[in-house]
Each structure stands twice: as C-alpha cells, then as structure tokens.
Amino acid sequence: MRCPRCSHDNREHANFCDKCGQNLRRDRPSTEAKSRDAAPGLAPAAERKYVTALFSDLSGYTAITERLDPEQVKELTGKIFTGVKEILAKYEGFIERVMGDGVLAFFGIPQSHEDDPIRAVHATMEIHDLGKDLSPHYDSWIGAPLSMHSGINTGLVVTADS
C-alpha cells in the first residue's frame, strides 16, 4: 500500500506508513471519537494509555543569549519554533508547552496511534535536521554550530479532562 503523504511502499495491510507514520486506514473511527460520542455532555472518564513524550531544546542557549541582542535571540528562536511546530504537526504530536528554548510534546494525546514512539523518533530526527539546516546562517552570530538536544520517553499514563 503506497502512502499518500510520502509515497513509501508499505506492507499491504499496514495501518500506518513505516516511513512517516501517516494513517493508511482513515476509514476506521478513532478511539477518541468513540469515547467522545459515547457520553455527550459528560466529561470523559479517566483513561489509561501509552504516551510518548518528546522534549527538545536548543544546545547552549544560555551562552547564545549572552552573545546576541534580544532581537537576534527572538529571530533565532522564532525560526526554530516555527519549524518545530510544523514538524510536530506533521507527525500529529501535541505541543504541551513551549518554554524558553525548549518544547515539550506528546504523541498519543489526545489521539493514540500504534506507532507513536516511531512518530516521535522521526519528529526528533527532523528537529535535529532543522538545527543543522539553520546552522550556517547563525554560526557567525553565535560562534558555534547550532544544534538541538532531545529526549524521548514512552510510558503508561492516566489522562482525563479536568
């Protein structure tokens, strides 16, 4: 089955693309839609699910802020976060918060996919590539190559709307 997003040739009965994580079976209702429709007007019950967390930040941010004007820091972080948000949206990651030079995102909230950890890894690789791609423009400003640090963890959580 060919992926509509990246054209990767997947196994015939695959649910998700092995390369980009695209849902290949859009005709199946999600568990999120089922739980939302089950009790209209009521808050969803707590749910146990596996979630993958991704945290990524700019390497050497403190030193960078000491070398640059605030406008330059704003330009640099703006370009990074614009790219990071696009990458996370592509892999259906949920941005929990952006803080300083870092972003915390979850895969599996609000909607779970069987390949959420793989999506997080692909997103992380693209975030690191983003840093490498932006580096030539900003190397002369910061005096070092631009790079990102990231961490990924998957585990069981309990979710509920408060």
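Note that the structure is predicted; figures quoted are calculated from it, not measured.

A few words on the pairing of strand β2 (residues 94-99). Bridge count for β2 against strand β3 (residues 102-107) is five bridges, and the pairing is antiparallel. Looking at the pairing, Met99 lines up with Gly102 of β3. Between β2 and β3, which pair antiparallel and follow one another directly, the connecting turn spans two residues, one of which, Gly100, has a positive phi of 60 degrees.

Further remarks concern the pattern of salt bridges. Counted by the stated rule, this structure contains four salt bridges. Here Arg119 makes a salt bridge to Glu92, at a shortest N to O gap of 3.4 Å. On the criterion of sequence distance, the pair formed by Arg119 in helix α4 (residues 116-142) and Glu92 in the loop between α3 (70-90) and β2 is long-range, its members being 27 residues apart. Accessibility expressed as a relative area gives 1% for Arg119, which makes it buried. For Glu92, a relative accessible area of 25% corresponds to the partly exposed category. In this structure, Arg119 and Asp115 form a salt bridge, with 2.9 Å as the shortest nitrogen-oxygen distance.

Moving on: the environment of Ala144. Mapping Ala144 onto the fold places it in the loop between α4 and β4 (148-159). Among the residues examined, Ala144 registers a relative accessible area of 34% and is labelled partly exposed. A C-alpha to C-alpha distance of 9.3 Å links Ala144 and Gly60, two positions 84 residues apart in sequence.

Tracing the backbone through its elements, the reader meets Val157 in strand β4. Once the C-alpha coordinates of Val157 and Tyr50 are considered, the two residues, 107 residues apart in sequence, prove to be 6.1 Å apart. Leave out the neighbours within four places in its chain, and Val157 touches Glu47, Arg48, Lys49 and Val51.

Basis of the calculations
Residues numbered from 1 in each chain as written. Predicted model: local features only at pLDDT ≥ 70, side-chain atom pairs only at ≥ 80, totals over all residues. Heavy atoms only, no water. Pairing = 2+ DSSP bridges. Helix = DSSP H or I, 4+ residues; strand = E, 2+ residues; numbered from the N terminus. Salt bridge = Lys/Arg side-chain N within 4 Å of Asp/Glu carboxyl O. Buried < 20%, exposed > 50% of the residue type's maximum accessible area, 1.4 Å probe, protein only. Contact = heavy atoms within 4.5 Å.

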